[in-house]
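# Fold and contact review
Letter by letter, the chains look like this.
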Amino acid sequence: MNFKQYEDFLIKTAESLLSIDSPSGFTDKASEYVLHTATELGYPAYRNNLGNVIVPVEGETDEEPVALSAHIDTLGLMVRSITNDGHLMITAVGSPILPTLDGEYCRIHTMEGKVYTGTILSLSPAIHVFPDASTRPRDDQNMAVRIDEIVHSKEDVEALGIRPGDFVCYDPKTTFTERGFLKSRFIDDKGCASILLTLLKIMKEQNLKPKKKSYLCFSAHEEIGYGGATLPKEIKELLVVDMGCVGSDLSCTEEQVSICSKDTFGPYDYEMTSRLVRLAKEHEIDAVTDIYPRYNSDAAAVWKAGYDTRAALIGPGVHASHGMERTHINGIMHTLTLSAAYLGLL
């Protein structure tokens, strides 16, 4: 089955989702977007107490239900303290590569709902002023947010309603190029969340049912380690749809779908992984298997929570993960097709 006709929907969905600030702990608007999109398509979607969006899909059988999961939370920052001259010191949410944030535009969301703009900068930001401008470490002790307001003191900042605990969300800079590349922060994992929303649209428009009752899940706390811990208890298999890794000692490219055999937490279910390899070969999906050296997923949270659930992981190859990421529409579409094959839709 060729899903080429759904590329535009997938791209527009990704652009919309990527434009919503949603670091872990600040995901309500992203959850609302996913919930609205799924219900508009006619599914009985719901959001649980922790913000995960769950979309039940009727299957040909209710026996041994399965789930696909992608996460809608992202990396981010939070205000740690305010300096005497009115800058915001930061703490990381998740594990962004902080040196890549030097010079990035950002938004500060206050607890009263106000939004201010700013720029994340080294505390030695000017070569004409600071002798260590090029060499000062780029970390949370040496970087701060310069607010786009007239402030000269801590008191000036506090008068704006900004305080420690406010979220700092940096610009994803989302771009689709003419050659088919998606360049953006937070492709991990909003690219794959867009794949699952597209899969819902395909099933509804083409009147397709998965082989088994299925849940398409959008978790909201993956980047901080427990996103999968509140997925439906009845699932017997979980296919995590998250980014594939591209880099040294790995096989995957941005144009392929990666099937992960093992990550930091350990091997994925061997039978499921082997089945995915067979499905890729059967349907001529460009897939490779890899082992990710520094990686955890929603599957780890499921297992730590005590679920009796097998799990596997796939995703489009993503270059420069947790930095300025990039993938290709071919890798995204191969991931979509393999997800559909796993559900028995092809």
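Just so it is clear, the structure is predicted and the values come from calculations on it, not from any experiment.

## Examining the pairing of strand E15 (residues 257–263)
For E15, the buried fraction is high: five of the seven residues fall into the buried class. As defined by bridge partners, E15 adjoins strand E18 (residues 310–318) across four bridges and the pair is classed as antiparallel. Bridging across to E18, Val-257 finds its partner in Pro-316. Across two bridges, E15 lies against strand E16 (residues 266–267) in antiparallel orientation.

## Some thoughts on the sheet that holds strand E9 (residues 167–170)
Taken in spatial order, the six strands line up as E4-E5-E8-E7-E6-E9 and close into a barrel, and their pairing is antiparallel. Direction aside, neighbouring strands of the sheet carry axes that sit 40 degrees apart on average. Sheet topology note: the strand E6 (residues 105–109)/strand E7 (residues 115–122) ladder contains five bridges and is antiparallel. From the neighbouring strand, His-109 faces E7, where its bridge partner is Val-115.

## Description of the pattern of salt bridges
If the charged atoms of two oppositely charged side chains come close together, the side chains can form a pair. Counted under the stated rule, the structure contains 15 salt bridges. With a closest N to O distance of 3.1 Å, Lys-173 and Glu-104 form a salt bridge. A residue pair is termed long-range when its members are at least 10 positions apart, and Lys-173 in the loop between E9 and strand E10 (175–176) and Glu-104 in the loop between strand E5 (88–93) and E6 qualify at 69 residues. Judged by its relative accessible area of 6%, Glu-104 is buried. Here Glu-234 and Lys-213 are joined by a salt bridge, their closest N and O atoms 3.8 Å apart.

## Section: the environment of Ile-54
Relative to the helices and strands, Ile-54 resides in strand E2 (residues 53–57). Residue Ile-54 is classed as buried on the basis of its relative accessible area of 1%. For the pair formed by Ile-54 and Ala-67, sequence separation is 13 residues and the distance between their alpha carbons is 9.5 Å. Residues contacting Ile-54, with those up to four places away along its chain left out, are Ala-45, Tyr-46, Tyr-215, Leu-216, Cys-217, Leu-231 and Pro-232.

Each value, and the rule that gives it
Residues numbered from 1 in each chain as written. Predicted model: local features only at pLDDT ≥ 70, side-chain atom pairs only at ≥ 80, totals over all residues. Heavy atoms only, no water. Buried < 20%, exposed > 50% of the residue type's maximum accessible area, 1.4 Å probe, protein only. Helix = DSSP H or I, 4+ residues; strand = E, 2+ residues; numbered from the N terminus. Pairing = 2+ DSSP bridges. Axes fitted to C-alpha atoms, helices over the stretch in contact; angles between N-to-C directions. Salt bridge = Lys/Arg side-chain N within 4 Å of Asp/Glu carboxyl O. Contact = heavy atoms within 4.5 Å.

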